[in-house]
Amino acid sequence: MTKLIISIIVAVWVVAIALVSVQNASLVNLRFVFWNSIDLPWGLVLAGGAAIGFFMGGCIPLLGNGASDDRK
């Protein structure tokens, strides 16, 4: 059941990214402190942010040391 829910969430994100990127094809420039990126399509920025979020969310359980695991 958990895999189904995760698959549905990812599918909704993919559809949302596709819709937003088609409707809003403007270019954006990312700025962070002294760093500026090249002009990127909004859909690519949104997809990159979602991919980084899913990756970080998948890595968080791996960072624990297992001390709080109640399984025996």
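Please refer to the structure higher up on the page.
I will try to describe carefully the structure that is included in this document.

The rules behind these values
Residues numbered from 1 in each chain as written. Predicted model: local features only at pLDDT ≥ 70, side-chain atom pairs only at ≥ 80, totals over all residues. Heavy atoms only, no water. Patch = residues over 30% accessible without salt bridge, like charges linked within 9 Å, V, L, I, M, F, W, Y side chains within 5 Å. Areas by Shrake-Rupley, 256 points an atom, 1.4 Å probe, with all protein chains shown as cover. Salt bridge = Lys/Arg side-chain N within 4 Å of Asp/Glu carboxyl O. Helix = DSSP H or I, 4+ residues; strand = E, 2+ residues; numbered from the N terminus. Buried < 20%, exposed > 50% of the residue type's maximum accessible area, 1.4 Å probe, protein only. Pairing = 2+ DSSP bridges. Contact = heavy atoms within 4.5 Å. Axes fitted to C-alpha atoms, helices over the stretch in contact; angles between N-to-C directions. Parallel < 35°, antiparallel > 145°, perpendicular 65-115°, else oblique. Left-handed = near helix turned anticlockwise from the far one by under 90°. Nonpolar A, V, L, I, M, F, W, Y, C, P; charged D, E, K, R; others polar.

## Concerning a nonpolar patch on the surface
And then number 1: A cluster of nonpolar residues, Met 1, Leu 4, Ile 5, Ile 6, Ile 8, Ile 9, Val 10, Val 12, Trp 13, Val 14 and Phe 54, forms a patch on the protein surface that exposes about 1,100 Å² of accessible area.
And then number 2: Considering every element that reaches the nonpolar patch, the biggest residue donor is helix α1 (residues 2-23), with 9 residues.
And then number 3: Here Val 12 shows up in helix α1.
And then number 4: Judged by its relative accessible area of 53%, Val 12 is exposed.

## Some points on unusual backbone geometry
And then number 1: Its identity is not glycine, yet Val 33 carries a phi of approximately 50°, on the positive side.
And then number 2: For Val 33, the location among the structural elements is in the loop between β1 (27-32) and β2 (35-41).

## A short note on the pairing of β2
And then number 1: As paired strands, β1 and β2 are joined by 5 bridges and run antiparallel to one another. Its bridge partner lying in β2, Asn 29 is registered against Asp 39.
And then number 2: Hairpin connection from β1 to β2: 2 residues lie between these consecutive antiparallel strands, with Val 33 at a positive phi of about 50°.

## Re the environment of Ser 37
And then number 1: Tracing the chain through its elements places Ser 37 in strand β2.
And then number 2: Given the relative accessible area of 13%, Ser 37 is considered buried.
And then number 3: Leaving out residues up to four positions away in the same chain, Ser 37 has contacts with Asn 29 and Leu 30.

## A word on the environment of Ser 21
And then number 1: Looking at where Ser 21 falls in the secondary structure, it is placed in helix α1.
And then number 2: Sequence separation between Ser 21 and Leu 44 is 23 residues, and the spatial gap between their C-alpha atoms is 7.6 Å.

## Re the packing of α1 against helix α2 (residues 42-63)
And then number 1: Remark: α1 packs on α2, axes separated minimally by 8 Å, with the N-to-C direction vectors making an angle of 160°. By the angle between their directions, the pair α1 and α2 is classed as roughly antiparallel. Note that α1 runs across α2; the crossing there is right-handed. Contact residues: Ile 9, Val 10, Trp 13, Ile 17, Val 20 and Ser 21 in α1; Trp 42, Gly 43, Leu 46, Ala 47, Ala 50 and Phe 54 in α2.
And then number 2: For the contact of α1 with α2, the residue count by class is 10 nonpolar, 2 polar and no charged.

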